[in-house]
Amino acid sequence: GRSLDRRNYFSGDKKVNDVFHYKEFVIHDIYEGIDLLFESTESIGSSFGLKYSFIVDPYADPSQIKLSYSGQEGLEVKSREYLGENQKQKTENLLSIETIGGRIGEFINKSYQVEGLTERIVNTSFSRQGNLIGFSLDTYDKANKLVIDPELVSIQLLRSTYYGSEGTDRINSV
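Since this is a predicted model, take the numbers as computed values, not measurements. (Residues numbered from 1 in each chain as written. Predicted model: local features only at pLDDT ≥ 70, side-chain atom pairs only at ≥ 80, totals over all residues. Heavy atoms only, no water.)

It is worth spelling out the overall build of the protein at this point. Helix and strand counts for the protein come out as zero helices and 13 strands. Tracing the protein from N to C terminus, the helices and strands come up as β-β-β-β-β-β-β-β-β-β-β-β-β. Taken as a whole, the protein presents about 12300 Å² of accessible surface, with 49% of it coming from carbon and sulfur. (Helix = DSSP H or I, 4+ residues; strand = E, 2+ residues; numbered from the N terminus. Areas by Shrake-Rupley, 256 points an atom, 1.4 Å probe, with all protein chains shown as cover.)

So, in structure tokens, the structure goes:
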């Protein structure tokens, strides 16, 4: 829903005042039976600003989800093994995107289904076909809603004082 804060913007030579922000918004049916939820991370103390999740309706096909990347210098799906809870061997799946400004990483924080008051984890990993990224899922109950919840985990970007590029420029404070 709409947050209480408002921001002011400059767009070309126009000033736009008192623009409400939203804590979340949904793009319904971005794929058949699949919604894309964007949420502000400011409320959880993250500096990244925005996260996304795919909400897969019962019996919808999550293999429809394909994220297309272009213009990056590198795109790689990596796995690493580590000792998790109870000293059990776990594997973490990371999407690494190398850009001219640095590296961005995402991992699957969790995919889950809510059954009553219980959240059941569904093992999920990134899959890659060229510049298309999708998700590989372990067996789950197709009769229940599924949430695929990637998370931006690392940014190693170069800092610059240059303002006025061809892309979007944003100043948060002076």
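Following the structure, the description resumes.
Let us look at the packing of aromatic side chains. In the structure shown here, the tally under the stated rule is four aromatic pairs. Ring centres of F25 and F38 lie 5.1 Å apart, and the angle between their planes is 25 degrees; on these two criteria the pair is classed as stacked. Of the two residues, F25 is situated in strand β3 (residues 24-31) and F38 in strand β4 (residues 34-40); the sequence distance between them amounts to 13 residues. Considering the side-chain rings of F126 and F135, the 5.6 Å spacing of their centres and the 35 degrees angle between planes classify their relative orientation as tilted. Residue F126 is classed as buried on the basis of its relative accessible area of 5%. According to the relative accessible area criterion, F135 is buried, its value standing at 9%. Among the aromatic residues, those joined into a ring-pair cluster are Y52, F54, F126 and F135. Its end group placed over the ring of Y140, K142 keeps NZ or CZ at 4.4 Å from the ring centre. (Phe/Tyr/Trp six-rings, centres within 6.5 Å; stacked < 30°, edge-to-face > 60°. Buried < 20%, exposed > 50% of the residue type's maximum accessible area, 1.4 Å probe, protein only. Lys NZ or Arg CZ within 6 Å of the ring centre and 35° of its normal.)

Attention now goes to the nonpolar core. Generally speaking, nonpolar side chains in soluble globular proteins are found buried as a group. Grouped together as the largest cluster of nonpolar side chains are 21 residues, with contacts concentrated most on F54, L67, Y69, L95, I133, F135 and I148. Counting residues per element, the ones that place at least two in this core are β4, β5 (50-56), β8 (89-99), β12 (132-137) and β13 (146-157). Among residues more than four places away in sequence, those in contact with L95 are Y69, L75, E76, V77, I104, G105, E106, F126 and I133. (Core = buried A, V, L, I, M, F, W, Y, C linked by side-chain atoms within 4.5 Å. Contact = heavy atoms within 4.5 Å.)

The strand order across the open sheet built from three strands is β6-β12-β11, with neighbouring strands paired in antiparallel fashion. In this open sheet, the two edge strands, each paired with only one partner strand, are β6 (67-68) and β11 (124-129). In this structure, β6 lies alongside β12, joined through two bridges in antiparallel fashion. Looking at β12, one finds that L67 is bridged to I133. (Pairing = 2+ DSSP bridges.)

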